[in-house]
Each structure stands twice: as structure tokens, then as C-alpha cells.
Amino acid sequence: AQKVTQAQTEISVVEKEDVTLDCVYETRDTTYYLFWYKQPPSGELVFLIRRNSFDEQNEISGRYSWNFQKSTSSFNFTITASQVVDSAVYFCALSARDTGRRALTFGSGTRLQVQP
Amino acid sequence: GAVVSQHPSWVICKSGTSVKIECRSLDFQATTMFWYRQFPKQSLMLMATSNEGSKATYEQGVEKDKFLINHASLTLSTLTVTSAHPEDSSFYICSVMAGTGNLIWTFGSGTRLTVV
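Residues numbered from 1 in each chain as written. Chains lettered and ligands numbered in written order. Predicted model: local features only at pLDDT ≥ 70, side-chain atom pairs only at ≥ 80, totals over all residues. Heavy atoms only, no water.

**Q** Break down the interface of chain B and chain A for me, with residues and values.
**A** Contact with chain B, which involves 21 residues of that partner, is made by 20 residues of chain A. For the chain B and chain A pair, buried surface summed over both sides reaches about 1500 Å², with 58% attributable to carbon and sulfur atoms. The interface formed by chain B and chain A contains 0 salt bridges. Between the two partners, chain B and chain A, sit 4 residue pairs in polar contact (both at pLDDT 80 or more). Secondary-structure elements contributing two or more residues to the side of chain B that touches chain A are strand S4 (32-38), strand S5 (45-51), strand S9 (90-98) and strand S10 (104-107) of chain B. The residue makeup of the side of chain B that touches chain A, split by class, is 11 nonpolar, 7 polar and 3 charged. (Contact = heavy atoms within 4.5 Å. Buried area = accessible area lost by both parts, 1.4 Å probe. Salt bridge = Lys/Arg side-chain N within 4 Å of Asp/Glu carboxyl O. Polar contact = N/O pair within 3.5 Å; in protein donor to acceptor, adjacent residues only side chain to side chain. Helix = DSSP H or I, 4+ residues; strand = E, 2+ residues; numbered from the N terminus. Nonpolar A, V, L, I, M, F, W, Y, C, P; charged D, E, K, R; others polar.)

**Q** So what's going on with unusual backbone geometry? Residues and values would help.
**A** All names here are of chain B. In this model, His 7 is joined to Pro 8 through a cis peptide bond whose omega is -5 degrees. For Pro 8, the location among the structural elements is in the loop between strand S1 (4-7) and strand S2 (10-13). Of note, the phi angle at Lys 41 is positive, near 60 degrees, even though the residue is not glycine. Look at Lys 41 and you get exposed, because its relative accessible area is 75%. Non-glycine residue Ser 83 carries a positive phi angle of around 45 degrees. For Ser 83, the position within the fold is in the loop between strand S8 (76-81) and S9. A residue is classified by how much of its surface remains accessible, and Ser 83, at 34% relative accessible area, is partly exposed. (Buried < 20%, exposed > 50% of the residue type's maximum accessible area, 1.4 Å probe, protein only.)

**Q** Could you give an account of the sheet that holds strand S7 (residues 67-73) of chain B, naming the residues involved and the relevant values?
**A** Residue and element names in this part refer to chain B. With respect to topology, 4 strands assemble into an open sheet ordered S1-S3-S8-S7, the strand pairing being antiparallel. The sheet is open, and its two borders are formed by S1 and S7, each paired with just one other strand. Averaged over all neighbouring strand pairs, the angle between strand axes comes to 15 degrees, with direction disregarded. Both S7 and S8 contribute to a ladder of 5 bridges, which runs antiparallel. What sits directly across from Phe 67, in S8, is Val 81. (Pairing = 2+ DSSP bridges. Axes fitted to C-alpha atoms, helices over the stretch in contact; angles between N-to-C directions.)

**Q** Break down the packing of aromatic side chains for me, citing the residues and quoting the values.
**A** One pass over the full model with this rule turns up 19 aromatic pairs over all chains. Both rings, one in Trp66(A) and one in Phe77(A), keep their centres 5.1 Å apart while their planes meet at 5 degrees; by these two values the pair is stacked. Of this pair, Trp66(A) sits in strand S8 (residues 64-69) while Phe77(A) sits in strand S9 (residues 74-79), and the two are 11 residues apart along the sequence. Among the aromatic residues, those joined into a ring-pair cluster are Tyr33(A), Phe35(A), Tyr37(A), Phe47(A), Phe91(A), Phe106(A), Tyr36(B), Trp105(B) and Phe107(B). (Phe/Tyr/Trp six-rings, centres within 6.5 Å; stacked < 30°, edge-to-face > 60°.)

**Q** Explain the pattern of salt bridges to me, using residue names and the numbers behind them.
**A** The tally for this structure, following the rule as stated, stands at 5 salt bridges over all chains. The partner of Arg51(A) in a salt bridge is Asp55(A), and the shortest N-O contact between them spans 2.8 Å. For Arg51(A), a relative accessible area of 6% gives the class buried. Between Asp88(B) and Lys66(B) there is a salt bridge, with the nearest N and O atoms lying 2.8 Å from each other. Placement of the pair is Asp88(B) in the loop between S8 and S9 and Lys66(B) in the loop between strand S6 (57-58) and S7, with a sequence separation of 22 residues. By relative accessible area, which is 5% here, Asp88(B) ends up buried. By relative accessible area, which is 11% here, Lys66(B) ends up buried. Among the charged side chains, a salt-bridge network with shared partners connects Arg51(A), Asp55(A) and Glu59(A).

**Q** Break down a nonpolar patch on the surface for me, with residues and values.
**A** There is a patch of nonpolar side chains on the surface, built from Trp10(B), Ile12(B) and Val116(B) and spanning about 380 Å² of accessible area. Considering the arrangement of structural elements, one finds Trp10(B) in strand S2. (Patch = residues over 30% accessible without salt bridge, like charges linked within 9 Å, V, L, I, M, F, W, Y side chains within 5 Å. Areas by Shrake-Rupley, 256 points an atom, 1.4 Å probe, with all protein chains shown as cover.)

**Q** I'd like to hear about the environment of Ser108(A), residue by residue, with values.
**A** Residues and elements named next belong to chain A. Along the chain, the position of Ser 108 falls in the loop between strand S11 (105-106) and strand S12 (110-115). Judged by relative accessible area, Ser 108 falls into the partly exposed class, the value being 46%. In this structure the C-alpha to C-alpha distance between Ser 108 and Thr 9, which are 99 residues apart in sequence, comes to 7.7 Å.

Following this line, the structure appears as C-alpha cells:
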């Protein structure tokens, strides 16, 4: 079975603070994909990143960075110098083959509030 | 890039009526489509997986006679909520998976269903 855990239900920070959103996953498959999505109040999912299980390189994109560690089954997401526009719900997701399907399994989400 | 169009974006219907939601892939062939449901302040939960030309596979606890899925072509899948009740009010999102070696997943913009 596959599972994604986002232990932080809600985080509140003040603008310009750095914030890290945690994601821990479970899968028996050796080949899988990990994702992060942003969901603003409009509801539409905004794709942020996809990472293949064979690629453990960390990635930086502007103020966003991701730390993928297979040893701890974690794929954490850091926003540097947060802004009010970063306020949203963020979902970590996993797609693996061990359940016989490739649908994304989502974590419960972390609601980020950035105060001005 | 892969574009998925989902309509309508919102719908209000009376209890007991049926509602159809469409999900179209605009610039690629979608052999596999997924339907998710998201209740307020909750995560996205997979309802069913549909493959073009075959019957959908429903997740445990999802009534297949209530949520009818049709995937008659490589570019269109529909979800019909039959005899809708207020508890069916939710945000429904489709997702398309395409490709072979390098898989891609794309999400529709979602449909907010309110049953009164």
C-alpha cells in the first residue's frame, strides 16, 4: 500500500520568514514519483514539482526548494522569504506501482497562512 | 503541454436530479483518467480510474451506480452524479495520465457541486 503523511495541518508565519512543509511517504515500490501541489482558495491544483525516485538531487526554483531523502522517505518543501501570495493549502502526493494503479495518492495537506 | 479542460466549474442542482461533469484532454490522448473528490478542508480522495473503452475501476466505498463514469474516447471522460443528495456536495477533480516511459499527470480545474 502507499501512503503520504503531512503531519502539519496548519502553519502560520509572518511574511519573509522561511517555512518548511514536511512530507513522509510509504511505498513498497522501488520506482515511484513524488509531487507537490499548491491549492489556492479557487480550488485549482497548481503543479510545483515532480521527482522520480531515482533522482535524489535536491532542487531549487526561485524561493522554493525541495529536499528528497530516500533514507527517511521524506520529500520536504521549503519556501524562503515567504510572501502573502504563498498562502494556500499544499499537498504532497505519490504515484507508485505497488497498488497496480498509477493514480496519485495525496497527503492530507498543510494549510499555510502568511501574515503581512 | 498537456491541457485538461473540465466543465462545468460549478453547478447547483436540486436533490434527486443528476449532474454530468466533463473532462477533456485538449492536446493529447488520455488513455487513463482519474476522478477525485474533495470535501471542504480535506484531501483529494480517488473515486475511480477509467481507461478508454473499458469499465471504470471504483475505489472501495464509492458507489458505482451512483457515480457513473464513461470514458468513450481518448479525449473525453464524464462523471455523472445520479440522484444527487446534499451529502454529494463536494469538489470533483479529474486527472489525466498520459505517456509511456515518461508519464505525465495533469489535473482539470475542478467542479464545485452544490446539491440543495
